[in-house]
Structures are given as structure tokens and as C-alpha cells.
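Structure at a glance
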Amino acid sequence: MPDLDDQAISKVAELGIRSQLDAVENLNVAIDIDPLKVITGALNSVAIAGAGMVMKQDLRIEQMEFNTGSVAINPLSLVTGKIELTQPTEAEAIVTLTEEDINRAFRSEFVQGKMQDLEVQVNGETATVDMQKINFGLPGAGKILFSTEVVLQGSQERKSVAFTAVPKVSADKHQIVLEDIEYLDNQELSPEFTEAMLNQAKQLLDLRNFEVGDMTLQIKRLAALKGKLILESEAIVNQFPSS
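Attention here is on the structure that accompanies the text. (Residues numbered from 1 in each chain as written. Predicted model: local features only at pLDDT ≥ 70, side-chain atom pairs only at ≥ 80, totals over all residues. Heavy atoms only, no water.)

**Here we look at the overall build of the protein**
Each helix and strand counted, the protein has five helices and 13 strands in total. Projected onto the principal axes, the alpha-carbon positions of the protein cover approximately 75 × 30 × 25 Å. By the burial criterion, 47% of the 243 residues in the protein qualify as buried. Here the contacts in the protein between residues at least 6 apart in sequence split such that 55% fall between residues at least 24 apart. Accessible area for the protein stands at about 11,800 Å²; split by element, carbon and sulfur atoms hold 46% of it. When the 21 positive and 37 negative side-chain charges of the protein are each reduced to one mean point, those points stand 2 Å apart. (Helix = DSSP H or I, 4+ residues; strand = E, 2+ residues; numbered from the N terminus. Buried < 20%, exposed > 50% of the residue type's maximum accessible area, 1.4 Å probe, protein only. Contact = heavy atoms within 4.5 Å. Areas by Shrake-Rupley, 256 points an atom, 1.4 Å probe, with all protein chains shown as cover. Lys, Arg positive; Asp, Glu negative; His and termini not counted. Charge placed at Lys NZ, Arg CZ, Asp CG, Glu CD.)

**Thoughts on helix α1 (residues 6-18)**
Taking 1.5 Å as the rise per residue, α1 with 13 residues should run 18 Å; its terminal C-alpha atoms sit 18 Å apart, in good agreement. The set of residues buried in α1 consists of I9, S10, A13, E14, G16 and I17. One side of α1 holds all its buried residues, which, seen down the axis, span an arc of 160°. Here the buried face of α1 lies against β1 (26-32) and β3 (45-54). (Expected span 1.5 Å × (residues − 1). Arc of directions from axis to C-beta.)

**Examining the nonpolar core**
I83 and F210 are the most contacted members of the largest nonpolar core, which has 67 residues in total. Here the element with the most residues in this core is helix α5 (residues 191-204); it accounts for six residues. When residues no more than four places from it in sequence are discounted, the contact partners of F210 are M55, L59, I61, M64, L97, L204, L217 and L231. (Core = buried A, V, L, I, M, F, W, Y, C linked by side-chain atoms within 4.5 Å.)

**Section: the packing of aromatic side chains**
A complete count under the given rule lists five aromatic pairs for this structure. Centre to centre, the rings of F106 and F136 are 6.1 Å apart; their planes meet at 20°, and the pair counts as stacked. Taken as a pair, F106 in helix α3 (residues 99-106) and F136 in strand β8 (residues 125-140) lie far apart in primary sequence, 30 residues in all. Summarising the burial analysis for this pair, F106 and F136 share the class buried. The exposure class assigned to F136 is buried, which follows from its relative accessible area of 1%. Chaining the aromatic ring pairs together yields one cluster made of F106, F136, F146, F163 and Y183. (Phe/Tyr/Trp six-rings, centres within 6.5 Å; stacked < 30°, edge-to-face > 60°.)

**Observations regarding the pattern of salt bridges**
Side chains that differ in charge, positive against negative, can pair when their charged atoms come close. Applying the stated criterion across every chain yields a total of 12 salt bridges. Here E25 and R60 are joined by a salt bridge, their closest N and O atoms 3.0 Å apart. Here E25, found in the loop between α1 and β1, pairs with R60, found in strand β4 (residues 60-68); they are 35 residues apart in sequence, far enough to count as distant. For R60, a relative accessible area of 13% translates into the label buried. Measuring nitrogen to oxygen at the nearest pair gives 3.7 Å for the salt bridge that ties E100 to R107. When its relative accessible area of 43% is taken as the criterion, R107 is described as partly exposed. (Salt bridge = Lys/Arg side-chain N within 4 Å of Asp/Glu carboxyl O.)

**Digging into the sheet that holds β3**
Pairing between sheet strands relies on hydrogen bonds along the backbone, with the strands arranged either parallel or antiparallel. Spatial ordering of the open sheet is given by β1-β3-β4-β6-β13-β12, a layout of six strands whose pairing is antiparallel. On the outer flanks of this sheet lie β1 and β12 (214-225), each paired with one strand and no other. This sheet shows a mean twist of 15° between the axes of neighbouring strands, independent of strand direction. Lying over the sheet, α1 contacts β1 and β3, oriented at roughly 140° with respect to β1. (Pairing = 2+ DSSP bridges. Axes fitted to C-alpha atoms, helices over the stretch in contact; angles between N-to-C directions.)

**Here's the deal with the pairing of β8**
Where β8 and strand β9 (residues 143-152) come together, eight bridges link them in antiparallel fashion. Bridge pairing links D130 to V151 in β9. Here β8 folds back onto β9, and the loop between the two strands holds two residues, one of which, A141, carries a positive phi near 60°.

**A closer look at the side chain of Q175**
Looking at where Q175 falls in the secondary structure, it is placed in the loop between β10 (158-169) and β11 (176-183). The class for Q175 is buried, based on a relative accessible area of 12%. Excluding anything up to four places from it in sequence, Q175 contacts K168, V169, S170, K202, L205, D206, R208 and I219.

**Some details on unusual backbone geometry**
Despite not being glycine, Q156 has its phi angle at roughly 60°, a positive value. Here Q156 is to be found in the loop between β9 and β10. The phi torsion at D180 lies on the positive side, around 55°, for a residue other than glycine. Judged by its relative accessible area of 47%, D180 falls in the partly exposed class.

**Focus on the pairing of β1**
Residues of β1 alternate between two faces, with L27, V29 and I31 buried on one and N26, N28, A30 and D32 left unburied on the opposite face. As paired elements, β1 and β3 share seven bridges and run antiparallel to each other. Among the inter-strand pairings, L27 is bridged to a residue of β3, identified as G50.

Here's what the structure looks like:
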């Protein structure tokens with residue numbers, strides 16, 4: 001059995017989490033243990049604090065805080081440099097995204113590729129359009145702001161579209177849905193176009209994009225503040241990631 005101290009076990013968990021990220025600016029894992037409890041298969045708690053974490057689809061998280069209560073583990077797994085849970089554990093997670101974080105994801109090749117060759121209705125006729133210069137804003141007051149420039153293929157005519165929406169928690173608590181759409185200065189193109197933008201936002205802001213290892217996140221509440229979006233979630237952790 002390796003040394004059963006907080007720092008050694010915390011380092012094992014940290015390496016596992018880092019292996020699941022494309023990049024991270026700062027990551028701190030603090031595992032509180034009682035050596036006698038570890039031998040019987042229990043950790044007192046796990047606390048994770050991260051900043052600048054780059055997840056799936058180039059989605060960056062400004063900050064993440066993650067805290068558990070007691071965690072049941074297989075003590076023999078520590079011999080192989082892993083932390084193996086013997087039963088799921090509950091945790092609380094707070095994720096903070098900035099405007100720039102979300103815009104970075106919208107400008108990624110993955111999302112940009114999905115925003116081309118969209119078929120929409122323009123002046124009563126079907127047209128194929130490309131979306132350019134997508135901008136996601138967080139003006140505060142519980143709203144988000146979308147603006148983009150649309151290029152009609154063929155004529156190359158350009159149209160500006162902008163609207164506000166209110167982010168709310170989806171029924172399954174995995175995603176954020178955008179409701180109460182209000183167009184600015186009559187900058188409406190078509191329902192199909194709006195739906196395409198809303199679907200991309202919904203996919204990007206799916207909590208499953210933030211899951212590390214074998215866990216499930218569900219949103220309890222959200223706050224759309226000026227410049228940042230805060231998601232408070234409950235987590236069920238089946239296994240921590242291993243490096």
C-alpha cells in the first residue's frame with residue numbers, strides 16, 4: 001500500500017482529471033482523508049477547483065468548483081495509482097462561463113461547419129445561407145444576446161440578425177434552452193434560421209460537455225449575469241477519471 005496521505009492521493013486524482021482536458025490553466029484537487037478510514041475504503045471528501053479548463057468542442061470554462069461528501073473507494077486501487085469508487089457519490093458543481101468562453105466555442109471549426117449551407121425562408125422563398133461573425137453576448141438582466149451576419153449564397157447579399165433570449169433549464173436538467181425571443185430593430189430572418197442558432201447554443205451549453213470521467217450533471221439553477229453565465233449543478237459521480 002502506498003503512502004496514504006492527502007497530497008499523494010490528491011495528485012492521483014489531479015493527473016486523472018488533466019488527462020481528460022485539452023488544456024487547463026490551473027487545477028487544484030484537495031482530498032481530505034483519515035488513514036484509518038482509507039484502509040476501510042472511505043475518503044472524507046473531494047474538492048476540485050479549476051480555471052481555464054478547455055473541454056469538448058473547444059469549450060472553455062472560466063472556473064469550476066466541485067465538492068463531494070464522503071466517497072467510498074476500493075483501497076487496493078491506490079496501489080495501481082487509481083481511485084476506484086465502489087459506489088456512486090453525490091457532489092455539487094458550480095461552472096462559470098464568460099462571454100469570451102462561449103464565443104470561442106461558437107467560432108470553433110466544429111460549430112462553424114454546422115452553420116453553413118442552412119436552408120431558410122427569405123421573403124417567402126427558400127434560400128441557402130451561411131452564418132458569419134456570430135456573437136454571443138451576456139448583457140445582464142437574465143438575458144443573452146445573439147447577433148450574426150448572414151450571407152445568402154448566390155446573390156452574396158448580407159443581412160444582419162440580432163435577438164435577445166432568456167436562458168432557462170431544460171426539462172431533463174441537462175441543457176440550457178433559450179426562450180422569450182425578442183428581435184432587435186426588426187432584424188428577423190426566418191423561424192428556421194432562429195431555430196438553427198438556438199439549437200447550436202443548446203448543444204454547446206449541454207452539461208454533458210462539462211462532465212469529466214464517469215459522471216452525470218444536472219442543472220439546479222442558472223444565472224445570466226453581465227459578462228458571465230453561472231451554472232449550479234448536482235452531480236452523480238460513478239468513477240473519477242484515471243490517467
